[in-house]
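Working through the structure, step by step
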Amino acid sequence: MKSLSRHFTLALLLSTLAVASPALQAQEFKAGFVNTDRIFREATTAKAAQAKLEQEFSRREKELIESGNALKSATEKFEREAPTMAESQRTTRQRQLVDQDREFQRKRREFQEDLNVRKNEELAQVLERANKVVKQVAEAEKYDVILQEAVYINPKHDITDRVIKALNAAGK
């Protein structure tokens, strides 16, 4: 009988520990969340990258705008004068406008592609720095996991402000 009682007590103790063990483990697990969109909008390094891109591409953008305005003016002038033009002159002028428009569209596409490539390069650098800072914050504050995308995050787990502050401090 003593043996049965001892086994029962041991089984009861083990089952209590088995039930309590996940609860203890859950308390030790620490998760955080970082909003990368906010980092791209608010971090000093991201703002500096955006300013760098604007400076780098502003001249080309201005030239494109001027070219587009000139093409629009030429098209409006042609539409006003077309009824009084000779057929051959009208056809020649139409071809010129079509060629100018094609060239404008090509330049605009090239501009957009170049801008996108550079933007991706700059954002990749910002993200690389941010990921290093996230890792430092996670190690310093003993996080088990840091998520960058989620359907829902309780705001108490959001460490984006701390990451932005650390990233800004590291950038100075």
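Scoring rules and cut-offs
Residues numbered from 1 in each chain as written. Predicted model: local features only at pLDDT ≥ 70, side-chain atom pairs only at ≥ 80, totals over all residues. Heavy atoms only, no water. Helix = DSSP H or I, 4+ residues; strand = E, 2+ residues; numbered from the N terminus. Buried < 20%, exposed > 50% of the residue type's maximum accessible area, 1.4 Å probe, protein only. Contact = heavy atoms within 4.5 Å. Expected span 1.5 Å × (residues − 1). Bend = angle between axes of the 7 residues up to and from the residue. Core = buried A, V, L, I, M, F, W, Y, C linked by side-chain atoms within 4.5 Å.

Each helix and strand in the chain was counted, giving five helices and two strands. For the chain, the α and β elements follow one another from N to C terminus as α-β-α-α-α-β-α. Within the span of the chain, comprising 172 residues, buried residues form 22% of the whole. For the chain, restricting intrachain contacts to residue pairs at least 6 apart in sequence, the fraction spanning at least 24 positions comes to 79%.

Here helix α3 (residues 44–81) is 38 residues long and its end C-alpha atoms lie 53 Å apart, about the 56 Å a rise of 1.5 Å per residue gives. The largest bend along α3 reaches roughly 45° and is located at Phe 57. Contacts from the buried residues of α3 go to α2 (36–42), α4 (87–140) and α5 (160–171).

Structurally, the α-helix is built with 3.6 residues per turn, so residues lying three or four positions apart point the same way. End to end, α4 covers 78 Å across 54 residues, agreeing with the expected 80 Å (1.5 Å per residue, within 8%). Within the sequence span of α4, burial applies to Leu 97, Phe 104, Phe 111, Arg 118, Glu 122, Val 126, Ala 130, Val 133, Val 134, Val 137 and Ala 138. The elements touched by buried residues of α4 are α2, α3, β2 (145–147) and α5. Downstream of α4 by a residue or two, Lys 142 has a phi angle that is positive, lying close to 60°.

One broad rule of soluble globular proteins: the nonpolar side chains tend to lie buried together. With 16 residues, the main nonpolar core has Val 34, Ile 39, Ile 159, Val 163 and Leu 167 as its most contacted residues. Every element with two or more residues in this core is listed here: α3, α4 and α5. Residue contributions to this core peak at six residues, all from α4. Once you skip the residues sitting within four places of it in the chain, Ile 159 turns out to touch Phe 33, Val 34, Val 137, Tyr 143 and Ile 146. Residues Leu 64, Ala 82, Met 85 and Leu 97 belong to the second largest nonpolar core, which totals eleven residues.

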